[in-house]
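Here's the letter readout for the chains.
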There are 2 protein chains.
Amino acid sequence: MTKPIAPARAKPSHKAPKPEAGYHHGELQEALIAASEAILAEHGAEAFTLREAARRAGVSPAAPSHHFGNAQGLLTEVAIRGYDALAGALRDTASRKQDTREKLHAQGLAYVEFALKHPGRFQMMFANKRLVADDPRLRQASRAAGREFEIIIAELVGGTPKQAKTAAAAAWSTVHGFAKLALEDKFGSVKSEAGYREIMTMLNHVLNYLWPASNARR
Amino acid sequence: MTKPIAPARAKPSHKAPKPEAGYHHGELQEALIAASEAILAEHGAEAFTLREAARRAGVSPAAPSHHFGNAQGLLTEVAIRGYDALAGALRDTASRKQDTREKLHAQGLAYVEFALKHPGRFQMMFANKRLVADDPRLRQASRAAGREFEIIIAELVGGTPKQAKTAAAAAWSTVHGFAKLALEDKFGSVKSEAGYREIMTMLNHVLNYLWPASNARR
DNA sequence: CTATCTATCTTAACACTGTTAAGATTGGAC
DNA sequence: GTCCAATCTTAACAGTGTTAAGATAGATAG
């Protein structure tokens, strides 16, 4: 599945000057993924439609099946990239701080920021039933993102691996729950810029409130 | 919308011994809600279908519209009852403990237990886009459930109302995030009885890990 | 250079879905 | 006893994901 990455843009050298003539080439996968991400960004996770993705990519509704099998396959690819982006954001954030405690705090902020700025993608990443939940690459991408947390946590709390895992689960739960509740407007509207900033300062308080405990326990 | 609660079961006294003859009467709302809850319990939130709910209630696909407007209306009613049940569970749980700290801990366990035992209902309660998100009764029911947390939290941490709200948000985020992540299999499979118990003991550790801080700060 | 092969895409169809308008049926109000 | 408003059905519409069968194009082999 997912093809061998395509032969690096095979050029139709003799005819058709524009690459959009007749048939798509190796770019369809990317075009479909991009189209899907655009839908998620513009209208949220529930608005995704395989046909709309195909429409935006300029192909027939049946075309995606040859590359991704079905809608779940395409969305799984989108989710994998989402986890990669999330892991990258968490890693970048941590790298910008010196103090371990600050790294964790910054990661918490970055996690929620990611969720609130890319709600459609974020929701889809955690909509197992719309994905191929047991896809190895998806599972690995998800675990890799979680590991970014564990690395900092282990540095902070020490203890046995199991203790670190529990602490990481606690941290992840907090920021994930906060993000989810915020996205469901449980802390007020997140649409306006003012609402967004209010929620982020609230998160700041929440993190300062909960996580000092981890610091004291090493 | 949602009708004036129906005239208390108008009996077809003279004909038709069985109440299932020809037309439904004041019981359709209840029948549809029950059918919807059954679908959620059996196959999860994504499996819900208005037509299937109508099918189970023994009516045509168009019948629900007269009572709930559309699918969102019906699901909103289901979500309201879900929040009521959740609030009741949280209240009952708290009432069974003496120590405030234990009340909070027990509520955390009860929250996740509710989510894991009624995943379909729980997921639907937090699927704003599938509900009439601004329905006053829904908002009130949601707030009432959240208040069960705030009551205990305020008792535990004291401080200003805003501090209490922040602490409640922290507590709610933790258990909500844990439940959500568990439901997406991020802590291992929750299907088996063994997996369920493992996750609940993990939650126990998480709560003991995070919330003692609240205790120390009063 | 030509023939063939295989991946890619389209067309057409199927079984679904939610929603709506128009008509039938009912029980109770007047 | 007649009308009325609520309730339900029938029928239709636009839209969905998926599949099978056929068309097309690019690469490959002779």
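Residues numbered from 1 in each chain as written. Chains lettered and ligands numbered in written order. Predicted model: local features only at pLDDT ≥ 70, side-chain atom pairs only at ≥ 80, totals over all residues. Heavy atoms only, no water.

Identification of chain A as TetR/AcrR family transcriptional regulator from Bradyrhizobium rifense is taken from an unreviewed UniProt entry.

1. Here we look at the overall build of chain A
Counting its regular elements, chain A contains ten helices and zero strands. Its helices and strands in sequence order give chain A the pattern α-α-α-α-α-α-α-α-α-α, from N to C terminus. For chain A, buried positions account for 49% of its 218 residues. For chain A, the share of sequence-separated contacts (at least 6 apart) that also reach a separation of at least 24 residues comes to 68%. (Helix = DSSP H or I, 4+ residues; strand = E, 2+ residues; numbered from the N terminus. Buried < 20%, exposed > 50% of the residue type's maximum accessible area, 1.4 Å probe, protein only. Contact = heavy atoms within 4.5 Å.)

2. Focus on helix H5 (residues 100–117) of chain A
Here H5 of chain A spans 25 Å end to end across 18 residues, near enough to the 26 Å set by a 1.5 Å rise per residue. Most of H5 of chain A is tucked away, with 15 of its 18 residues classed as buried. (Expected span 1.5 Å × (residues − 1).)

3. A closer look at the nonpolar core
Nonpolar side chains in soluble globular proteins tend to be buried together. Membership of the largest hydrophobic core comes to 135 residues, with the highest contact counts inside it found for Tyr 111, Leu 116 and Phe 187 of chain A together with Tyr 111, Leu 116 and Phe 187 of chain B. Setting aside chain neighbours within four positions, we find Tyr 111 of chain A in contact with Leu 86, Leu 90, Phe 122, Phe 126, Phe 149, Trp 172, Val 175 and His 176 of chain A. (Core = buried A, V, L, I, M, F, W, Y, C linked by side-chain atoms within 4.5 Å.)

4. Remarks on the environment of Leu 75 of chain A
Residue and element names in this part refer to chain A. You can see Leu 75 is positioned in helix H4 (residues 71–95). Overall, Leu 75 belongs to the buried group, its relative accessible area being 2%. Along the chain, Leu 75 and Met 125 lie 50 residues apart, while their C-alpha atoms are 8.6 Å from each other. The residues touching Leu 75, leaving out its near neighbours within four places in the chain, are Phe 48, Met 124, Arg 130 and Leu 131.

5. So, the relation of the copies chain A and chain B
The two copies are related by a screw motion: chain A maps onto chain B through a turn of 180 degrees and a shift of 0.0 Å along the axis, at an RMSD of 0.0 Å. Taken together, the rotation angle and the small translation identify this as a two-fold axis. It is Gly 177 of chain A whose C-alpha, among those of chain A, lies nearest the rotation axis, at 1.7 Å. Here 97% of the interface residues in chain A have copies in chain B that are interface residues too; the copies meet face to matching face. (Least-squares fit on C-alpha atoms with pLDDT ≥ 70 in both.)

6. Some points on the packing of H5 of chain A against helix H7 (residues 136–157) of chain A
The relative placement of two packed helices comes down to the angle between their axes together with the axis-to-axis distance. Residues and elements named next belong to chain A. The contact between H5 and H7 brings their axes to 9 Å, and the two run at 155 degrees. The orientation of H5 relative to H7 falls into the category roughly antiparallel. Handedness of the H5/H7 crossing: left-handed. Taking contact as the criterion, the partners of Thr 100, Arg 101, Lys 103, Leu 104, Gln 107 and Tyr 111 in H5 are, on H7, Glu 148, Phe 149, Ile 152, Ile 153, Glu 155 and Leu 156. When the residues that make up the contact of H5 with H7 are grouped by side-chain class, the tally is six nonpolar, two polar and four charged. (Axes fitted to C-alpha atoms, helices over the stretch in contact; angles between N-to-C directions. Parallel < 35°, antiparallel > 145°, perpendicular 65-115°, else oblique. Left-handed = near helix turned anticlockwise from the far one by under 90°. Nonpolar A, V, L, I, M, F, W, Y, C, P; charged D, E, K, R; others polar.)

7. Notes on the interface of chain A and chain B
Much of the literature gives interface size as the accessible area that the parts lose upon coming together. Between chain A and chain B, the contact holds 37 residues from the first and 36 residues from the second. When the two sides are added together, the surface that chain A and chain B hide from each other amounts to roughly 3100 Å², 63% of it contributed by carbon and sulfur. Linking chain A to chain B there are two salt bridges. Note that Glu 46 of chain B is salt-bridged to Lys 129 of chain A, the shortest N-O span being 3.5 Å. Run the count over chain A and chain B and you get seven residue pairs in polar contact (both at pLDDT 80 or more). (Buried area = accessible area lost by both parts, 1.4 Å probe. Salt bridge = Lys/Arg side-chain N within 4 Å of Asp/Glu carboxyl O. Polar contact = N/O pair within 3.5 Å; in protein donor to acceptor, adjacent residues only side chain to side chain.)

8. Digging into the side chain of Thr 166 of chain A
Tracing the backbone through its elements, the reader meets Thr 166 of chain A in helix H8 (residues 161–183). Residue contacts for Thr 166 of chain A: discarding those within four places in its chain leaves Met 202, His 205 and Val 206 of chain B.

9. Topic: the confidence of the model for chain A
All names here are of chain A. Of the residues in chain A, 85% reach a pLDDT of 70 or more, and the chain-wide mean stands at 88. Contacts from residues 1–21, a stretch scored under 50 in pLDDT, to residues over four places away or in other chains number 13 contacts. A low-confidence stretch, residues 213–218 stays under pLDDT 50, and its non-local contacts, those more than four residues away or across chains, total twelve contacts. (pLDDT = per-residue confidence, 0-100.)

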